[in-house]
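Examining the three-dimensional arrangement
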Amino acid sequence: MCNSLPPLSYRAPEDAAGDAEETSSKRARKEYPPAPEPLPVPVMDNHTHLDFRHGLLEVSVADALDAAAAVGVQGAVQVGCDLESSRFTVQAVEADRRLLGAVAIHPNDAPGYADRGELESALAEIEELAGHPRVRAIGETGLDFFRTHGDGLAHQRYSFRRHIDIAKRLGLTLQIHDRDAHDDVVQVLREEGAPEKVVFHCFSGGAELARICNQNGWYMSFAGTFTFKNAENLREALLISEPELMLVETDSPFLTPHPHRGRPNASYMVPYTVRAMADVAEKDLAGLCGQLADNTLAAYGSWD
């Protein structure tokens, strides 16, 4: 099904040094964790990067989605971060109908495009790629004050505003990357006028941001970070989130949920996060799964 896609697999290099015990430990950290118990009702992974591979095994798009389907994750949103990954996204959604797509220039990449004088042409291509019928979102875009500083922030803000404009003109969902920039992201959305549908990918705020999302009808997509011991802010946010605004994602191959934090992540790991959400919210697991599935369809449309 996916033979037409460019190579996407990553095989980690063999450890060149270290004793056998250390080498074995390093390799274990690069191995994919065991599959969790399947969910009782299927859900979707709202954010994944299938073109990024961090594990020892070579995994195709079809195999990754087969593994997810086996545990009740029946589809995913493949997300672009630059021109290369956004082009890949379009190819992927054409090759496998279990995928929908999002395309954008990541906020940390926007300054580089601007410095090379390529940001305008990159944004024009993003808009062109976004015209594909299975691309349903502009993202991930937003602000990142953790990795970008100084003059680069102006390019980030400009790029974010342009992505908002594209999403509104094309009638697409806006998928936001927000790292250490909650107030500024909200300010830009208010100044520009937010698109009809907004998703805070890998929601990282607390109760205050959750209240703002509730007030504006913005989706909060919880990732594996929700399961981390130090993520009390996320658990507080979930408890006050409107049920119809909750989503779940992996951001794979990053942010692997507990108890496998630090190992490669993939869409089949979603059940760990969903179960943690159900436990914290004291919700019936099947009922939460159904709610998450309905919310995903409301945010992105049908996979059919």
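Look a little higher up for the structure.
Here's a quick rundown of the structure. (Residues numbered from 1 in each chain as written. Predicted model: local features only at pLDDT ≥ 70, side-chain atom pairs only at ≥ 80, totals over all residues. Heavy atoms only, no water.)

**A short note on helix α8 (residues 207-216)**
Every buried residue belonging to α8 is among Ala207, Leu209, Ala210, Ile212, Cys213 and Asn214, and all of these are buried. Where α8 is buried, its residues meet β5 (173-179), α7 (182-192), β6 (198-200), β7 (219-222) and α9 (232-240). In the stretch just after α8, glycine 217 is the one whose phi turns positive, near 75°. (Buried < 20%, exposed > 50% of the residue type's maximum accessible area, 1.4 Å probe, protein only. Helix = DSSP H or I, 4+ residues; strand = E, 2+ residues; numbered from the N terminus. Contact = heavy atoms within 4.5 Å.)

**Some remarks on the nonpolar core**
Counting 87 residues, the largest nonpolar core has Phe160, Leu174, Leu189, Phe200, Phe203 and Val274 as its most contacted members. At 7 residues, the largest contribution of residues to this core is made by helix α11 (residues 285-300). (Core = buried A, V, L, I, M, F, W, Y, C linked by side-chain atoms within 4.5 Å.)

**Here we look at the environment of glycine 131**
Structurally, glycine 131 can be placed in the loop between α5 (119-129) and β4 (135-144). Considering only alpha carbons, one finds glycine 131 and serine 85, 46 residues apart in sequence, at a separation of 16 Å.

**Focus on the pattern of salt bridges**
Summed over the entire model, instances satisfying the criterion amount to 11 salt bridges. The salt bridge involving arginine 87 is made with glutamate 125; its shortest N-O contact spans 2.6 Å. Remark: glutamate 125 occurs in helix α5 and arginine 87 occurs in helix α3 (residues 83-95); sequence separation between them is 38 residues. For arginine 87, a relative accessible area of 40% translates into the label partly exposed. When the shortest N-O distance is used, the salt bridge between arginine 161 and glutamate 192 registers 2.6 Å. Taken together, the residues arginine 161 in helix α6 (residues 152-170) and glutamate 192 in helix α7 connect sequence positions 31 residues apart. (Salt bridge = Lys/Arg side-chain N within 4 Å of Asp/Glu carboxyl O.)

**Let's talk about the layout of surface pockets**
In this approach the atoms are scanned with a rolling probe the size of a water molecule, which exposes any empty space left behind. Size it by volume and the largest pocket reaches roughly 740 Å³. Lining the largest pocket are 27 residues, and of these His177, Arg179, Cys202, Asp251 and Leu255 lie nearest its centre. Looking at the lining of the largest pocket, the elements with two or more residues in it are β4, β5 and α9. In terms of residue count, the dominant contributor to the lining of the largest pocket is β5 (3 residues). The residue inventory of the lining of the largest pocket, partitioned by class, reads 9 nonpolar, 10 polar and 8 charged. (1 Å grid on protein atoms, 1.4 Å probe; cavity = no way out; pocket = protein on both sides within 12 Å on 5 of 7 lines; lining within 4 Å. Points joined across faces, edges and corners; volume = space filled by probe spheres on them. Nonpolar A, V, L, I, M, F, W, Y, C, P; charged D, E, K, R; others polar.)

**Quick notes on the pairing of β5**
Burial of β5 is extensive: 6 of the 7 residues sit out of reach of the surface. Taken together, the 6 bridges between β4 and β5 define a ladder with parallel strand orientation. Across the sheet, the residue bridging to threonine 141 is isoleucine 176, located in β5. Handedness of the β-α-β unit built from β4, α6 and β5 comes out right-handed. In this sheet, β6 lies alongside β5 in parallel orientation, the contact comprising 3 bridges. The residue bridging leucine 174 from the neighbouring strand is valine 198, located in β6. You can see the chain leave β5, run along α7 and come back into β6, and the turn it takes is right-handed. (Pairing = 2+ DSSP bridges. Right-handed = clockwise from strand over helix to strand, strands pointing away.)

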